[in-house]
Amino acid sequence: MEYVSTRGGTAPVGFDAALLNGLAADGGLFMPTQWPALSDRELAWAARAPYAQVSTRVLTPFLAPDVEERDVKRVTADAYGRFRHPATVPLKQLGPDLWLMELFHGPTLAFKDVAMQLMAPLADAALERSGGRLRLVTATSGDTGAAAVNAFAGAQRVELVVLHPKGRVSDVQRKQMTTATAPNVLNLAVEGDFDDAQDVVKRLLRDPDFAPGRTVSSVNSINWARLAGQIPYFVAAAARLGASNRPVRFVVPTGNLGDAFAGVAARAMGAPIGPVVAAVNANDALPKALSTGAYVKRAAHATQSVSMDVAAPSNFERLLFHAVSGDAAVTKSVFKDFAATGQASLPPDVRLHLIAHLRAVSIDEAATTQAIAQADRAYGEVVCPHTAVGLAAADRLEPAPGATVVLATAHAAKFPGAVEAAIGRAPVVPDALAAIMEGEERFATVSSDYAAIKGAIEGAFGAQAA
Ligand SMILES: *Cc1c(COP(=O)(O)O)cnc(C)c1O
């Protein structure tokens, strides 16, 4: 598979390069040049096959020829062997046509493990082939950092730096990051908010004096490898519950639109899926853009579904590129305006193409709390606030002929405050978390000053060429 930039300014690259570089050199995002098709026979097989095998089948064409099928098989078997549920991503029936897909049975109890546990061994293998080293820097509001630390701890050719805003992630989230003992992981608590940490990361990624001799990249969902690793669960669930005349409607709790776009990709491969529904919290730039054509960035609101507090979803650029059939000129004109001014207007035909693939629903804080309470009362399910946003959005949709599947993106125990406020009791803490809460923490506190943060990283990992 070859990957091109959504802005059309770079030559095609293979999977390894898309994985290691994260962002294309012209500032665009990598997209595959075609969607490998799944035949009816393969879909019938995928409805029954073990998840690691479905994942291998879906991912192999995206990774070829850089990664051989037997290596994809080994990586998926190892990764999903570590999940705490034998079905990896089990489907739970809530009503006649309503299902939850539980994506939180991985090591850090959020869906980001599903892709991150593949990304780490794939990055190590790509670096082995190229002989290079990688320094990953990432800013996190919680779940991405935890998933990255768990996945990359001990990777041979990778250094991982995670910046979290001091005092603004939950205790569970912080301890999942800071109790790591591997020497290739550095946790920094930045005195500032998420945007301060994110600004520093963006500057580090462009700084030619930072980490000479290494590739510098990030692990958020602008990285194609992360997104690709999420396509297989849409295929598996659609194969199981859908048919061509009864497409599955997925409702995806959304921040950066990475997970929801993976659903759009599964549909493009031929899985029986209708338009994907992106469920967002009070940060509603996406539903506004789809209904009015005006895409406007406002300051992010802080909500209880913290991992979705995103003012402008990065993967909207991928969705638009896909919706206009790979027209890089149109994509570039929209997103260049947006980067420069924080707003862009979508041409009317582009808006129509977009809503053929994706709908978006915004859920406010009160409705989120109500949905947590309602899930407990009606189904006996204790859900996290992100999942609750999905359930509330599903409740607002018109009836449809096929199954509706809401993605459960995190375990409720990661967000005990919001859950207790809604149902009057704290969620049960799984053993895997209880152990982490006892572990010793290691992190350094730094001011949000650029030079101070760069200095702290160089102090830990060195400034010299590898
Ligand atoms: C990251 C995250 C999301 C949002 O995923 P995107 O790919 O950014 O849309 C939703 N729920 C949880 C629990 C998350 O950690």
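This text goes with the structure placed above it.
Here the structure is a predicted model, which is why all the values come from computation and not from measurement.

Rules used throughout
Residues numbered from 1 in each chain as written. Predicted model: local features only at pLDDT ≥ 70, side-chain atom pairs only at ≥ 80, totals over all residues. Heavy atoms only, no water. Pairing = 2+ DSSP bridges. Helix = DSSP H or I, 4+ residues; strand = E, 2+ residues; numbered from the N terminus. Axes fitted to C-alpha atoms, helices over the stretch in contact; angles between N-to-C directions. Core = buried A, V, L, I, M, F, W, Y, C linked by side-chain atoms within 4.5 Å. Buried < 20%, exposed > 50% of the residue type's maximum accessible area, 1.4 Å probe, protein only. Contact = heavy atoms within 4.5 Å. Lys, Arg positive; Asp, Glu negative; His and termini not counted. Salt bridge = Lys/Arg side-chain N within 4 Å of Asp/Glu carboxyl O. Arc of directions from axis to C-beta.

Colleague: Just checking my understanding: could you explain the sheet that holds strand 9 (residues 249–253) for this structure?
Modeller: Consider a sheet: its strands pair through backbone hydrogen bonds, and that pairing is either parallel or antiparallel. Across the sheet, which stays open at both edges, the six strands sit in the order 3-4-14-9-10-13 with mixed pairing between neighbours. Of all the strands in the sheet, the pair left with one neighbour each is strand 3 (91–95) and strand 13 (358–362). For this sheet, the mean inter-axis angle between neighbouring strands, taken without regard to orientation, is 25 degrees. Across five bridges, strand 10 (residues 276–280) lies against strand 13 in parallel orientation. Counterpart to Val277 in the pairing with strand 13 is Arg359.

Colleague: Please explain the nonpolar core as it appears in this structure.
Modeller: Generally speaking, soluble globular proteins have nonpolar side chains that are buried together. Of all hydrophobic cores here, the largest spans 112 residues; its most connected members are Phe152, Trp224, Ile231, Tyr233, Phe250, Phe316 and Leu358. The contact partners of Ile231, leaving out residues within four places of it in the chain, are Val58, Phe62, Trp224, Ala262, Ala265, Ala266 and Met269. Membership of the second largest hydrophobic core comes to 27 residues, among which are Val277, Val361, Ala371 and Val419.

Colleague: How do you make sense of the pairing of strand 14 (residues 404–408) when you look at a structure like this?
Modeller: It is a general feature of regular strands that their side chains alternate between the two faces of the sheet. Most of strand 14 is tucked away: five of the five residues are buried. Burial along strand 14 is two-sided: Thr404, Val406 and Ala408 and Val405 and Leu407, pointing in opposite directions, are all buried. Relative to strand 14, strand 4 (residues 98–102) runs parallel, the two being bridged by five bridges. Counterpart to Trp99 in the pairing with strand 14 is Val405. As judged from the three bridges shared by strand 9 and strand 14, these two strands associate in the parallel manner. Paired with Arg249 across the strands is Thr404, a residue of strand 14.

Colleague: In this structure, what is going on with the side chain of Arg226? I would like to understand it.
Modeller: Among the secondary structure elements, Arg226 is positioned in helix 9 (residues 224–228). Of the side chains with opposite charge, Asp259 lies nearest to the buried Arg226, which makes no salt bridge, at 7.8 Å. What Arg226 contacts, discounting residues up to four positions off in sequence, is Lys112, Ala115, Met116, Met119, Thr144, Val219, Asn220 and Ser221.

Colleague: I would appreciate a short explanation of helix 15 (residues 348–357) in the present structure.
Modeller: Count 3.6 residues to each turn of an α-helix, and residues three or four apart come out pointing the same way. Within helix 15, the full set of buried residues consists of Val350, Leu354 and His357. One face of helix 15 carries all of its buried residues, which in axial projection span an arc of 60 degrees. Of the residues in helix 15, the exposed ones pointing more than 90 degrees away from the buried face are Pro348 and Leu352. Where the residues of helix 15 are buried, they touch helix 11 (258–268), strand 10, helix 12 (285–292), helix 13 (316–323), helix 14 (328–341) and strand 13.

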